[in-house]
Amino acid sequence: MARSNGATSLGDILERVLDRGLVIAGDIRVNLLDIELLTIKLRLLVASVDTARELGIDWWESDPWLHSGRRPQELEKENRELRRQLAEMERTAESRVAAIGQGHDRGASSPSVEEPDE
Amino acid sequence: MSELGIYLYAISAAPHHAGAGPTLTGIGGSPVCTVTESDLVAYVSDVPLAEFGEESLRERLEDLAWLEDVARAHNDVVEALSRRAPTVPVRLATIYHSHGHVRRFVRGRRSDLEMLLKRLTGRTEWGVKAYSDVRRESTPPTADGTSGERPGTAYLRLRQSRLHADEESRREALRRADRIHSVLLEIAVHGRRHRLQGAQLTDRKVPMVLNAAYLVDEKARADFHAAVAALREPGVEIEVTGPWAPYSFVDLGAGDPDPADVVPA
């Protein structure tokens, strides 16, 4: 078996089960996201949670009424701000993914080789 | 109303079907069972609609831990079936409300399924990814400072030649990818080029230039791997994964069902 490492990588599995395989409607409607978009979104989610934590915003980790003693309006405000930041990061990521997707067609006119330091 | 959905993994042909063997365990530990429709067999297991119903499924798909468990369980079943007999893998999260609905699907797509099973018989999928950073190998142009040029002109000329070098590097990298693909297509029965994955997803410093899958006849397996080995050269890293169940070769586009090479949309 010619696997690149000992265990099969999750990325290799996800790109197959999410993006390939026979596509049929089934009875339950599902809108599977493009794997790159899904993975980026998940990474963004993790990144924004870590960043927020560093800033001392951790209301989701324990009971917000007890932990930080903040009033509900403040928590709601932080919540809205976090969501706004996440939406912005997602928009940036989506446009990058779109650029990757458009740039990959064969032919030398728009090569899609990624910069290694991006 | 039933709280269970019928999760579909794959389809193969009876009587030489892939069900002969120990019972497989599917998602959530449920046993995989068969739904037969004349000479085709669908592999299914029960899943709770609390997780796999439309609303909760949308949310769960955004939960990487949940997704990983489901994806691995799905793939484990598909791979086990594929090792036993030619098998058409189904995409993740295809769920029906009853065995009757599964049979209806199989009946309705019978000729497509038979065509696919014929295409897959005696063949295996291999994944090939290539990474290449041609730029690193060539010395970038530098200013020699000895010409009589003014500094500004020299700077602009240098910048232009670096941009040309970058552009040429990209073209060279893609040429290498095209070459790898065309060599492997000579040996494989079919090939598919998939979308490249950007650097931020691959955790590699070197750009991916090829993301492909090849359907290879078992008799040609050794030749295929020898060809990959021969294609390796400094500056080009080729990673092979497999054997896989034939996820990349069960597409049903309009037109010729048996193309030698298809670039996916």
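Just so it is clear, the model here is predicted, and its values are computed rather than measured.

## Quick notes on the overall build of chain B
Counting secondary structure elements, chain B contains eight helices and ten strands. A burial count over chain B gives 47% of its 265 residues as buried. Taking all contacts inside chain B whose residues are at least 6 apart in sequence as the whole, residues at least 24 apart take part in 78%. In the structure as shown, chain B presents an accessible area of about 12800 Å², 52% of it carried by carbon and sulfur atoms.

## Topic: the packing of aromatic side chains
Residues and elements named next belong to chain B. Per the counting criterion, the structure on display carries five aromatic pairs over all chains. On the basis of an interplanar angle of 45° and a centroid distance of 5.2 Å, the ring pair of Phe-52 and Trp-66 is categorised as tilted. With a gap of 14 residues between them, Phe-52 in helix 1 (residues 49-52) and Trp-66 in helix 3 (residues 64-84) connect regions that are remote in the sequence. Of the two residues, Phe-52 and Trp-66, neither departs from the other in class, the shared state being buried. Ring geometry for Tyr-214 and Phe-224: centres 5.7 Å apart, planes at 50°, overall tilted.

## Remarks on the nonpolar core
Of all hydrophobic cores here, the largest spans 37 residues; its most connected members are Tyr-7, Tyr-9, Ile-27, Phe-52, Leu-57 and Leu-92 of chain B. Elements supplying a minimum of two residues to this core: helix 1 (10-19) of chain A together with strand 1 (4-13), strand 3 (40-48), helix 1 and helix 3 of chain B. For this core, the element with the highest residue contribution is helix 3 of chain B, accounting for nine residues. Membership of the second largest hydrophobic core comes to 23 residues, among which are Tyr-96, Leu-116, Ala-213 and Phe-249 of chain B.

## Digging into helix 5 (residues 110-120) of chain B
All names here are of chain B. Considered for burial, the residues of helix 5 that qualify are Leu-113, Leu-116, Leu-117, Arg-119 and Leu-120. Axial view of helix 5: buried residues confined to an arc of 160°, hence all on one face. Turned more than 90 degrees from where helix 5 packs its buried face, Ser-111 and Lys-118 sit exposed. Where helix 5 ends, the next residue or the one after it, Gly-122, has phi of about 75°, a positive value.

## Brief notes about the pairing of strand 7 (residues 190-193) of chain B
All names here are of chain B. Side chains His-190 and Arg-192 of strand 7 all project onto a buried face; the interleaved residues Gly-191 and Arg-193 project onto the opposite face, where all are buried too. The pairing of strand 7 with strand 8 (residues 208-217) spans four bridges and is classified as antiparallel. In the strand pairing of strand 8, Arg-192 is matched with Ala-213.

## Let's talk about the environment of Trp-66 of chain B
By relative accessible area, Trp-66 of chain B is classed as buried at 10%. Setting aside residues no more than four positions away along its own chain, Trp-66 of chain B makes contact with Glu-51, Phe-52, Leu-57, Arg-60 and Leu-61 of chain B.

## A few points about helix 1 of chain A
Because the α-helix completes a turn every 3.6 residues, residues three or four places apart line up on one side. All names here are of chain A. Summarising burial for helix 1: eight of the ten residues are buried, a large majority. Leu-10, Asp-12, Ile-13, Leu-14, Glu-15, Arg-16, Val-17 and Leu-18 are the residues of helix 1 that are buried. Count one or two residues on from helix 1 and you reach Gly-21, which has phi positive near 80°.

## Notes on the side chain of Glu-79 of chain B
If you trace the backbone, Glu-79 of chain B turns up in helix 3. Residue contacts for Glu-79 of chain B: discarding those within four places in its chain leaves Pro-243, Trp-244, Ala-245 and Tyr-247 of chain B.

## Let's talk about the confidence of the model for chain A
All names here are of chain A. Mean pLDDT over chain A works out to 61, with 37% of the residues at or above the 70 mark. The least confident element of chain A, judged by mean pLDDT, is helix 2 (residues 35-54) at 52; the most confident is helix 1 at 86. Scored below 50 in pLDDT, residues 62-69 shows seven contacts in the model against residues more than four places distant or in partner chains.

## Describing the pattern of salt bridges
Residue and element names in this part refer to chain B. All chains considered together, the criterion is met by 22 salt bridges over all chains. In this structure, Arg-58 and Glu-55 form a salt bridge, with 3.6 Å as the shortest nitrogen-oxygen distance. Of this pair, Arg-58 and Glu-55 are both found in helix 2 (residues 54-60), three residues apart, which corresponds to roughly one turn of the helix. A cluster of three or more residues bridged by salt bridges with shared partners is formed by Glu-168, Arg-171, Glu-172, Arg-175 and Arg-176.

## Notes on the pairing of strand 3 of chain B
Residues and elements named next belong to chain B. Burial within strand 3 is extensive, with seven of its nine residues counted as buried. Of the pairings in the sheet, the one linking strand 1 to strand 3 comprises nine bridges and is antiparallel in character. Paired with Leu-4 across the bridge in strand 3 is Pro-48. Direction of pairing for strand 2 (residues 33-37) relative to strand 3: antiparallel, over a ladder of five bridges. Across the sheet, residue Cys-33 finds its bridge partner in strand 3, namely Val-44. Counting the residues in the hairpin turn of strand 2 and strand 3 gives two residues, including Ser-38, whose phi is positive at 45°.

Quick notes on the rules
Residues numbered from 1 in each chain as written. Chains lettered and ligands numbered in written order. Predicted model: local features only at pLDDT ≥ 70, side-chain atom pairs only at ≥ 80, totals over all residues. Heavy atoms only, no water. Helix = DSSP H or I, 4+ residues; strand = E, 2+ residues; numbered from the N terminus. Buried < 20%, exposed > 50% of the residue type's maximum accessible area, 1.4 Å probe, protein only. Contact = heavy atoms within 4.5 Å. Areas by Shrake-Rupley, 256 points an atom, 1.4 Å probe, with all protein chains shown as cover. Phe/Tyr/Trp six-rings, centres within 6.5 Å; stacked < 30°, edge-to-face > 60°. Core = buried A, V, L, I, M, F, W, Y, C linked by side-chain atoms within 4.5 Å. Arc of directions from axis to C-beta. Pairing = 2+ DSSP bridges. pLDDT = per-residue confidence, 0-100. Salt bridge = Lys/Arg side-chain N within 4 Å of Asp/Glu carboxyl O.

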